[in-house]
Amino acid sequence: MKTNRIISFILCFVLLFCLCACGDAEKTTVLTENDIIGQDGCFLYTIISASVNFEIENADKEAKNLKKQIGETFDIKVNTSSDDKIKSNSETYEILIGNTNREESKQALKILSEKRIQNIDDWMIKVIDNKICIVSVSDENLPKAIR
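Residues numbered from 1 in each chain as written. Predicted model: local features only at pLDDT ≥ 70, side-chain atom pairs only at ≥ 80, totals over all residues. Heavy atoms only, no water.

Caption draft 1: Structural view of the side chain of Glu 104. Relative to the helices and strands, Glu 104 is located in helix α3 (residues 103-115). In this structure, Glu 104 is buried with no salt-bridge partner, the nearest side chain bearing the opposite charge being Lys 131 at 4.8 Å. (Helix = DSSP H or I, 4+ residues; strand = E, 2+ residues; numbered from the N terminus. Buried < 20%, exposed > 50% of the residue type's maximum accessible area, 1.4 Å probe, protein only. Lys, Arg positive; Asp, Glu negative; His and termini not counted. Salt bridge = Lys/Arg side-chain N within 4 Å of Asp/Glu carboxyl O.)

Structure representation (structure tokens):
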């Protein structure tokens, strides 16, 4: 009986050791401040809110708070706009808040909606290409997702 426990312990230790050894330290990327600053000296990402976000209670307030926190943390100017004022392409870096008119927001919302049947309280932050999408199934949870 003791032999089985000892063998089990050794196998668990070997498995744990193997799992810890997985991965490639060479591929680890560390972002620096220079990686988030655009050519104009502003934050590389523009915060884009859905034009209907102002109708959602606290969503606009949380978006402004996000802008303030990023600006204060990196001591940098952060640009914001609504989705109907700026055209987008695959090259631009954007933080998309809510159900914007961007294709990436629609993809993120579709992924979120398909994950679970009862998804009314679900929200997600998902990176798609050069966009960081902050979406929620219901409008009530969008401020929580932004926060």
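Caption draft 2: Quick look at the layout of surface pockets. Estimates place the volume of the largest pocket at around 170 Å³. Lining the largest pocket, in full, are Ile 47, Ser 49, Asp 60, Ala 63, Lys 64, Lys 67, Thr 80, Ser 81, Ser 82 and Lys 85. Contributions of two or more residues to the lining of the largest pocket are made by β1 (46-49), α2 (59-74) and β2 (80-82). Counting residues per element, the lining of the largest pocket draws most heavily on α2, which supplies four residues. Across the lining of the largest pocket, the residue classes tally to two nonpolar, four polar and four charged. (1 Å grid on protein atoms, 1.4 Å probe; cavity = no way out; pocket = protein on both sides within 12 Å on 5 of 7 lines; lining within 4 Å. Points joined across faces, edges and corners; volume = space filled by probe spheres on them. Nonpolar A, V, L, I, M, F, W, Y, C, P; charged D, E, K, R; others polar.)

Caption draft 3: Quick peek at the environment of Asp 84. Along the polypeptide, Asp 84 turns up in the loop between β2 and β3 (94-97). Judged by relative accessible area, Asp 84 falls into the exposed class, the value being 53%. Remark: the alpha-carbon pair of Asp 84 and Ala 50, spanning 34 residues in sequence, is separated by 7.8 Å. Those residues in contact with Asp 84 that lie beyond four places of it in its chain are Ser 51 and Asn 101. (Contact = heavy atoms within 4.5 Å.)

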